[in-house]
Amino acid sequence: MLKIEMKKINYTLILVLLACLALISCKKFLEKEPFGKTGKNTLFETVEGAKMAINGSYNSMLAYYKNEFAMYADITSDNLIKGNKASVLLPQFNFQSSSGDDALAVGDLWLHMYETLNNVNNILNAVPELKTKFPNQVKTLDSITGQALVMRAICHFDLSRVYAQPYNYTTDASHLGIPLLFKTPSPGQQVARNTVKETYDQVILDLKSALPFLQQHANGTVQTSISYQAALALLSRVYLYQGNWEQCVTYADQAIANTAYLLAGASNYKSTFLLKPSLTLKPEVIFQLTNTGLTNGGSSIPTVYSDSTGAQYSASAKLKSLFDPDDIRLTQMFTIPKKGENAGKYLTVKYADGTVTAINPPAIQVIRLSEVYLNRAEAKWNLQRYTEAANDIKTISQRAHPSRTIDITYSSNSDLYKQIAEERNRELCFENHRFFDIIRRKEPLQRGIDCNSNTCSLTYPNDKFVLPIPNKEVEANKAMKQNPGYN
Amino acid sequence: MRLTIFLLIAGCLAVQASGYAQKVSLSVRNAGIESVCLNIKQQTGYFFLYDADVLKKSGKVSLELKNAELTEALKQLTAGKALDYKIIDKTVIISEAKNSTRVTQEDIIIKGTVKSKEAQGQANPSLPGVVVTVKGTKKATATNGEGAYTIQAPANGILIFSMVGYGTREIAINGNKIIDVVMAETASDLQEVIVTAYGTSERKENQIGSAFVVTNKDLENKPLDRIDRLLEGLVPGLQYGVQDGADNTSSARTRHQTRIRGEASFGASNEPLWVIDGVPLNTGNETNQILGVETSISPLTYLNPNDIESIVVLKDATATTIYGANGSNGVILITTKKGASGEKTLSYGFRGGLNLINNSRFHVLNANEYRELYKESYINNNALDQSKMPDLGTTNTDWYDVFFRTGVATNHNLSFSGAHKNTRYFVSGAYYNEKMIMMKNDVERLSGRINIDQKISNSIDLFLRVGASHNRNDIFNPGDSYYINRPIDSPYNPDGTYVDAFYNKLREAEYNDNTQKANVLNGNIGGTIKIFPGLTYTTTNGIDYKSVKENIYGSMFATSNKNEGKATFSKSRTIDWNSQHRLNYEKTIKEHDFSVLLGAEALSDDLSSGSLIGYGFEDDYIRNPNYAQRIQTTVGGSRKNSLSYYGQFRYTLSNKYSVLGSFRRDGSSDFGSDVKWATFNSVGASWTVSNEKFWNIKKIDFAKLKLSYGTNGNSRFGAYRSKGLYRFLENDTYNDQPGAVMYTGENPVLSWETTYIVNGGLSLGLFNRISMEIEFYRNITKGMLDKVEVTRTTGFNSIDQNIGSVKNSGIEMNLITQNIQKKDFEWTTKFNIAHNTNKILKLNNDNVKVLDKTIRVVGLDASSFYLVRWAGVDPRDGGPLWYDARGNITKTFDLANRVITKAATPDFFGGMTNTFQYKAFSLSSLFIYNVGGYAFSVLQRDSESDGRNLAAENQSRNLLDRWREPGDLSIIPKTVLGENADNGRNSTRFLHKKTSLRLQNISLNYNLSEKFLRQISLRRANVYLQADNVAFWTPYDTKKDYNDYRNSFNPYPQPLVLSFGVNVSL
């Protein structure tokens, strides 16, 4: 009897121990993942996760472009006048930005650019481990790395364009830039601003580092994602902004030399903007943001610029006067509604052809080949290679005047400079360049006779040429310095 | 004198009588000796001589004799009595014994059982552990588990029954061999064993923790709709009410909350942890919201209150630490009924009642009042064209009558319990049905429970507890219609169709469907193994399963989904399982009592929900989203696992000194990798002073001091908040490729809130009639969770952080007095009172946070209001006046003039239960009171719009007291149609003091007499009348049919419920 009892006890003890062990050994037990969502660590356990993350980053970047950023440099420039319904970026149009505008562009742009940066940095920090884990997928991972590096450069560069004075604002670019981030800070962390020099150095470093990773896509044909040529083209832009003319020319040359991307002909110029992305139709676009799921509604760019009834801004007299009457960029690229709110106004068709529909998602051109020509023209002018500069703008102008032959004649070198600037605006208006071009050239802002902003002119230099850092950022981050002129 | 004569005769006739061998058979209980003598006389033919007074004085006898010798019969008859007998010839002489013969009385063996008076009628009323002593000797024994005892004592001795908490009773033996005793509890009820966490228990006599017990007796004749409602007014420091921030207070289905000792958290749940038979119950998210369905119906409505044996509310650290990261808001343990060894019982109960909307409605203007006010307000607006005043018609509609009805509730409850050999069982089934006062709102609950305890061998016991219910809720939410619809509008056109000039919710009531069906199962299976004496292993494996299906159809004939129809089919399923393994060791060595617990527990919560919404139907009969033109699907869910280890050690010396220590180590998948694990500890001690030898204060029969300190946590603030989370929605794709976008910021150092609890107490028992328990506590919650603004360079506006600390401290008292205890009349009062203060000790970077109407400032109550002060009405022009920040009167409303004023926390609150018992009747009443504290009435703000909203909405009847002409002293400004926007902005005008007294429940019960019941073969039967929400008083009562705090708080009326019930058991 005693024996039986003892056996029972042993049996019981074993059971108890087993039960305890079972609980302890389940290490994974406490690593529970949500449903329909996943923790950062889990996402980056597979290459598929990294792919999804890069798509998510594009999606996030598109979000900040389509709602505000891609309109910023035109609305703040002399290119546009407002309509009755203007609301998007209206404080910026009037140069009345306030650091308290947390829910408006001041806060939105800041937040959403860093939101994209967070997504991008997560990828960059996760890829090295993935490479060791999946050696046979290194090529895919390299491509992801290259794209992410370029996206990081874009985020930093865009932030700097909006919140920091241009590179040449101080002689050594030692003025306030934006915080450069390679890893998302923790919630309580204090993040300080780097100088503009450090910002540009990092942007250039990221773009250059991306090149070897993107080499495999040298003839990339997916314009919606970042290719080798996109990195080259962006380098030409960043160097132009920096005033590093040689490097600008070097990278512009490389981008133009590549035959995968060619200027569109006059006959399919308009479709370059409006038709669904496809390289055969629009080889001119080097990188664009678009999404089949993208809706045109709300305050996004097609409504604000191109919807015959809903458009909030239209071309200013000053902009219209830049065009020859037979310039296809005037004749084809504007729609003039006959009735309603915007009757008689010049609305761009770069995002929608007068009506906004859910079909044919709009595309936002981040960089086109024609810009590279114009970058090169300006850089060459600064290198005093005037003829070459004239040739580059001739290429662009000729395409816009298919019915006649264009010759670039200039009375003086400064006249040529003016022509380069005008050609750039004719070609790239409504594509988020004009205001940035004005201030990097240290020009004053001078709006035209039909100016209906509270502010029609601003001299250079000017505190108002940059947005304030949002108050909420300064409150939460003691290391953050506000831009001069704002509180 | 008569005796002398008898004796003389006896002496003369002295003859030996032993030769007769007459047999006697007798079976009497509590019979008079004289009658027994007569009986024997009839059987034997012997004459009896006795003094009738002496026999009467000697009391009653119980005899069981079969063919006994006469001498044996007489011996037994006189045993234990002060009587002698002599047989002379054929005569028996019974006389008073002389002193000398008493001493020679033989010891007899006495058996009996001791029962508790309070437990009468329950399955097992026996009292174990009652000490039985023979008076004047050292002879003693104690009752066993079944309350039985056996003791040898002189037949004429006296037995003393004593038990702490039940006082003592002395009973003369009088030769009785069977003495059954019923003992009544003294007020302190010290023997009560309070079963707390994980099979541990404390005796009230030396309880250290704060564990308040509500027994099934306390729950009798109380509402049956939801369990949390039952605790209000009974448990000191517990508050029950409408959920903070609930957005549908006008609905019949608004969410409710339970708070124990105030609120400690901003971002996490403040709801206590509900545990049923050891298995945690998922009551929804942080704000009791059920994810995945439109209407949150509390899982606490899915349980049958009749199945509850007891509810224990744990409040201090020693009691809650062992629940670790979920324990800081208190823990409520619900134990369901078990079968008891003893008799089989079959019980049936019925209750039927009417719910009357009564006077608790919000009073709005009737049509004539409305027309008058409208006209006046119209004229007061100079901007309006006075010639174009609209025609206000002659209609008079009472919208309360339109939407509300008399509710009907019925409940049937059948249960069967008992024991068979090694099996104890409790089986119940119940059907509850309520037609609520709001039209188209019906509740149906079909519930069942099987609880089985099975003894497998001497060392193994198994148990099974399963409760399941099917719940059907028909829902219609009228929104604000019942009080804002204008009385001059009719719901119907003359042809009987619905008027559509306004949002006529009646149309929706008729055409739309909204039904929620929930199938719920909670239960556990497990067993205990006695490894060696004192050491047991217990495993409990439980599940809390809920499957809620919601079918909503928005008709194409209803206003909201016109010409299209919208069908929503949602399903929400929760499977929470839990597996516990523990070792309990108990040992008593002389005066040392030890108990040790070690255990481990794994928990898993899995919630999944999905909904299918279809828009566009061919006709209104299809109602199936599958056939809709457009279909939208959403899927969601969350999962969480946690793992815990815990232990407890308890030691009591001589029933005087006790110490207790507990710990728990918790790991949760919700938390960051750095803080995945947390440990909580507590220690406590108690000193039962009255058990000391030196204690000689007779009037204080019991005195105990206790103190405990420890920590517990609050991890309930939604899953995965620490992790950087990516989602993959359709919106996150990029050019048809799936995309993942991060949508919550990462905070790897995010941790649970920790509450540091000090709890002390004094328990007193006075005159065996009064029990008083005073507790004081100080809970400091550190690492409070909330969303905090962060540097946007993280990519987010705000991220969850541990941001500050808050202190809740207070004092609670529970008092039980047995005011009158007569044979036929008893009066008992249970009274409790609680006072809590709340104070923010620390906030992130000392940031003041202004919320909608309140403000969070270090040093103040977290519920402090931050409002512009109302200064009344300008008697000159009827305009509103406010105070500016400096205290000067101003005519302009400016948010900059907000000041910190009053807080929601009451000064004190509690409840009082009085029970009167007269013979078979008992009357019980529950009062709930609240003194101090303020509440902001959104309802009043919107319905006293001073003409602003009058064109579209009916108004509070209080507007009848508006300012009309210069010189009027009024509290309501001049009404101006379409204007007065500032009047309706948040100010102290709409702040109410919450002081109130409610008669919450009253019941009259009649127990049918046992004699009568025996005739119809019933063991127990009672009938009762019950009323709930009977009366409500505030010291600020306004005129009749005006609105005061009572009805300005929530628009949905609290119905007066009148019920009749009957219970019978076999």
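Asker: Just to check I follow, could you spell out the overall build of chain A for this structure?
Answerer: On a plain count of helices and strands, chain A comes out with 18 helices and nine strands. With 487 residues in all, chain A has 59% of them scored as buried. Pairs at least 24 apart in sequence give 71% of the contacts found in chain A among residues at least 6 apart. Surface summary for chain A: the accessible area is close to 18,600 Å², and the carbon and sulfur share equals 55%.

Asker: Honestly, the state of the cysteines in this entry has me stumped. Any pointers?
Answerer: Two cysteines form a disulfide when their sulfur atoms are joined by a covalent bond. Residues and elements named next belong to chain A. What the rule picks out here adds up to one disulfide over all chains. Between the sulfur of cysteine 451 and that of cysteine 456 lies a disulfide, 1.9 Å long from S to S. Across the S-S bond of cysteine 451 and cysteine 456 the torsion is about -85°, and the bridge reads as left-handed. Cysteine cysteine 429 remains unbridged, with the sulfur of cysteine 451 as its closest cysteine sulfur at 18 Å.

Asker: Sorry, what's going on with the confidence of the model for chain B here?
Answerer: The predicted coordinates ought not to be read in detail in places where the model reports low pLDDT. Residue and element names in this part refer to chain B. The predicted model of chain B averages 86 in pLDDT, with 94% of residues at 70 or higher. Confidence drops under a pLDDT of 50 for residues 1–21, and excluding neighbours within four residues, the segment shows 23 contacts in the predicted structure. Confidence drops under a pLDDT of 50 for residues 100–104, and excluding neighbours within four residues, the segment shows three contacts in the predicted structure. Model confidence for the complex is summarised by a pTM of 0.79, with the ipTM given as 0.89.

Asker: What exactly am I supposed to notice about the packing of aromatic side chains here?
Answerer: Each aromatic ring pair is specified by the distance between its two centres and by the angle formed by the two planes. With the rule as written, the count across this model stands at 56 aromatic pairs over all chains. Geometrically, the ring pair formed by phenylalanine 334 of chain A and phenylalanine 430 of chain A is edge-to-face, given 6.0 Å between the ring centres and 70° between the ring planes. On the criterion of sequence distance, the pair formed by phenylalanine 334 of chain A in strand E5 (residues 334–335) and phenylalanine 430 of chain A in the loop between helix H16 (413–428) and helix H17 (434–440) is long-range, its members being 96 residues apart. For phenylalanine 334 of chain A, a relative accessible area of 9% corresponds to the buried category. Here the aromatic cluster, defined as three or more aromatic residues joined through ring pairs, consists of Tyr64, Tyr65, Phe69, Tyr72, Phe95, Phe435, Phe436, Tyr460 and Phe465 of chain A. The residue whose ring lies beneath arginine 440 of chain A is tyrosine 241 of chain A, and the NZ or CZ to ring-centre distance is 5.2 Å. Of note, arginine 856 of chain B hangs over the ring of phenylalanine 266 of chain B, and the distance from its end group to the ring centre comes to 3.6 Å.

Asker: Explanation requested: the interface of chain A and chain B in the structure shown.
Answerer: Much of the literature gives interface size as the accessible area that the parts lose upon coming together. At the junction of the two partners, chain A supplies 53 residues and chain B supplies 61 residues. Together, the buried faces of chain A and chain B total about 5,100 Å²; carbon and sulfur atoms form 62% of this surface. Where chain A meets chain B, there are three salt bridges. Across the salt bridge formed by glutamate 746 of chain B and lysine 40 of chain A, the nearest N and O atoms sit 2.7 Å from each other. Across the chain A-chain B interface, the total number found is 12 residue pairs in polar contact (both at pLDDT 80 or more). Every element with two or more residues in the side of chain A that touches chain B is listed here: helix H1 (2–25), strand E1 (37–39), helix H2 (40–43), helix H3 (47–75), helix H5 (105–133), strand E3 (285–290) and helix H18 (471–476) of chain A. Of the residues assigned to the side of chain A that touches chain B, the class counts are 24 nonpolar, 19 polar and 10 charged. Strand direction decides the pairing type here: E1 of chain A and strand E35 (residues 725–727) of chain B, joined by three bridges, are antiparallel. Across the sheet, the residue bridging to glycine 39 of chain A is leucine 725 of chain B, located in E35 of chain B.

Asker: Any chance you could explain the side chain of asparagine 411 of chain B here in plain terms?
Answerer: When you line up the elements, asparagine 411 of chain B lands in strand E23 (residues 407–420). Among residues more than four places away in sequence, those in contact with asparagine 411 of chain B are Leu224, Asn306, Gly349, Phe350, Arg351, Tyr431 and Tyr432 of chain B.

Asker: Before we go on, may I ask you to explain the side chain of serine 611 of chain B in this structure?
Answerer: For serine 611 of chain B, the position within the fold is in strand E30 (residues 592–615). Residues contacting serine 611 of chain B, with those up to four places away along its chain left out, are Phe569, Ser570, Gln632, Thr633 and Thr634 of chain B.

Asker: Hey, could you run me through the sheet that holds strand E9 (residues 148–154) of chain B in this one?
Answerer: As a general point, the strands of a sheet are linked pairwise by backbone hydrogen bonds and lie either parallel or antiparallel. All names here are of chain B. With mixed pairing, three strands are arranged side by side in an open sheet as E9-E6-E12. A single partner strand is all that each edge strand has here, and the edge strands are E9 and strand E12 (181–183). Averaged over all neighbouring strand pairs, the angle between strand axes comes to 35°, with direction disregarded. Pairing of strand E6 (residues 107–116) with E12 involves three bridges; the strand directions are parallel. The residue of E12 that forms the bridge with valine 114 is valine 181.

Asker: Is there a simple way to explain the sheet that holds strand E4 (residues 83–88) of chain B in this structure?
Answerer: Residues and elements named next belong to chain B. Overall, mixed pairing links the three strands, which are arranged E2-E5-E4 in an open sheet. Each edge of the open sheet is held by one strand with a lone partner, namely strand E2 (47–50) and E4. With strand direction ignored, the average angle separating the axes of adjacent strands in the sheet is 20°. Pairing between E4 and strand E5 (residues 91–96): six bridges, direction antiparallel. In the strand pairing of E5, aspartate 84 is matched with serine 95. Along the sheet face, helix H2 (residues 33–44) touches E2, E4 and E5 and points at about 155° away from the line of E2. Sheet strands touched by helix H4 (residues 70–78): E2, E4 and E5. Its angle to E4, the strand with the most contacts, is close to 160°.

Asker: Hey, could you run me through a positive patch on the surface in this one?
Answerer: Residues and elements named next belong to chain B. On the surface, Lys338, Arg424, Lys455 and Lys530 cluster together to form a positively charged patch. When you line up the elements, lysine 530 lands in strand E27 (residues 513–532). A relative accessible area of 39% means that lysine 530 is categorised as partly exposed.

Asker: Help me understand the nonpolar core in this model?
Answerer: As a rule of thumb, nonpolar side chains are buried together in soluble globular proteins. All names here are of chain A. Ranked by internal contacts, the top residues of the largest apolar core, which has 138 residues, are Tyr65 and Tyr305. A per-element tally of this core places H3 first, with 15 residues. Leaving out residues up to four positions away in the same chain, tyrosine 65 has contacts with Ala70, Ile154, Asp158, Arg161, Leu289, Ile364 and Val366.

Asker: Honestly, the pairing of strand E22 (residues 345–356) of chain B in this entry has me stumped. Any pointers?
Answerer: Taken residue by residue, a regular strand's side chains alternate between the two faces of the sheet. Residues and elements named next belong to chain B. Relative to E23, E22 runs antiparallel, the two sharing 11 bridges. Along E23, the bridge assignment pairs phenylalanine 350 with histidine 412. Examined bridge by bridge, E22 and strand E54 (residues 1056–1065) share 10 bridges and lie antiparallel to one another. Paired with tyrosine 348 across the two strands is valine 1064, which belongs to E54.

Asker: Explanation requested: the packing of helix H14 (residues 369–382) of chain A against H16 of chain A in the structure shown.
Answerer: Residue and element names in this part refer to chain A. In the contact formed by H14 and H16, the axes pass within 10 Å of each other and the chain directions differ by 165°. Judged by the angle between their axes, H14 and H16 are roughly antiparallel. Read as a crossing pair, H14 and H16 show a hand that is left-handed. Contacts from Ser370, Glu371, Leu374, Asn375, Ala377, Glu378 and Trp381 in H14 reach Asn413, Ser414, Leu416, Tyr417, Ile420, Glu423, Arg424, Glu427 and Leu428 in H16.

Asker: Just to check I follow, could you spell out the environment of threonine 321 of chain B for this structure?
Answerer: All names here are of chain B. By secondary structure assignment, the location of threonine 321 is in the loop between helix H7 (317–320) and strand E21 (331–336). For threonine 321, a relative accessible area of 0% puts it in the buried group. Taking the C-alpha atoms as reference, threonine 321 lies 9.6 Å from isoleucine 757; in sequence the two are 436 residues apart. What threonine 321 contacts, discounting residues up to four positions off in sequence, is Ser662, Phe663, Arg664, Phe680, Asn681, Ser682, Thr711 and Asn712. Of the polar contacts made by the side chain of threonine 321, one reaches the backbone oxygen of threonine 711; its length is 2.9 Å.

Asker: Would you mind going over helix H8 (residues 228–242) of chain A with me for this structure?
Answerer: What sets the pattern is the α-helix's 3.6 residues per turn: residues three or four places apart point alike. Residue and element names in this part refer to chain A. Between the first and last C-alpha of H8 there are 21 Å, a value that for 15 residues agrees with the 21 Å anticipated at 1.5 Å per step. Among the 15 residues that make up H8, 15 are buried, leaving the element largely enclosed by the rest of the structure. Looking one or two residues beyond H8, the residue adopting positive phi is glycine 243, at roughly 80°.

Each value, and the rule that gives it
Residues numbered from 1 in each chain as written. Chains lettered and ligands numbered in written order. Predicted model: local features only at pLDDT ≥ 70, side-chain atom pairs only at ≥ 80, totals over all residues. Heavy atoms only, no water. Helix = DSSP H or I, 4+ residues; strand = E, 2+ residues; numbered from the N terminus. Buried < 20%, exposed > 50% of the residue type's maximum accessible area, 1.4 Å probe, protein only. Contact = heavy atoms within 4.5 Å. Areas by Shrake-Rupley, 256 points an atom, 1.4 Å probe, with all protein chains shown as cover. Disulfide = S-S within 2.5 Å. pLDDT = per-residue confidence, 0-100. Phe/Tyr/Trp six-rings, centres within 6.5 Å; stacked < 30°, edge-to-face > 60°. Lys NZ or Arg CZ within 6 Å of the ring centre and 35° of its normal. Buried area = accessible area lost by both parts, 1.4 Å probe. Salt bridge = Lys/Arg side-chain N within 4 Å of Asp/Glu carboxyl O. Polar contact = N/O pair within 3.5 Å; in protein donor to acceptor, adjacent residues only side chain to side chain. Nonpolar A, V, L, I, M, F, W, Y, C, P; charged D, E, K, R; others polar. Pairing = 2+ DSSP bridges. Axes fitted to C-alpha atoms, helices over the stretch in contact; angles between N-to-C directions. Patch = residues over 30% accessible without salt bridge, like charges linked within 9 Å, V, L, I, M, F, W, Y side chains within 5 Å. Lys, Arg positive; Asp, Glu negative; His and termini not counted. Charge placed at Lys NZ, Arg CZ, Asp CG, Glu CD. Core = buried A, V, L, I, M, F, W, Y, C linked by side-chain atoms within 4.5 Å. Parallel < 35°, antiparallel > 145°, perpendicular 65-115°, else oblique. Left-handed = near helix turned anticlockwise from the far one by under 90°. Expected span 1.5 Å × (residues − 1).

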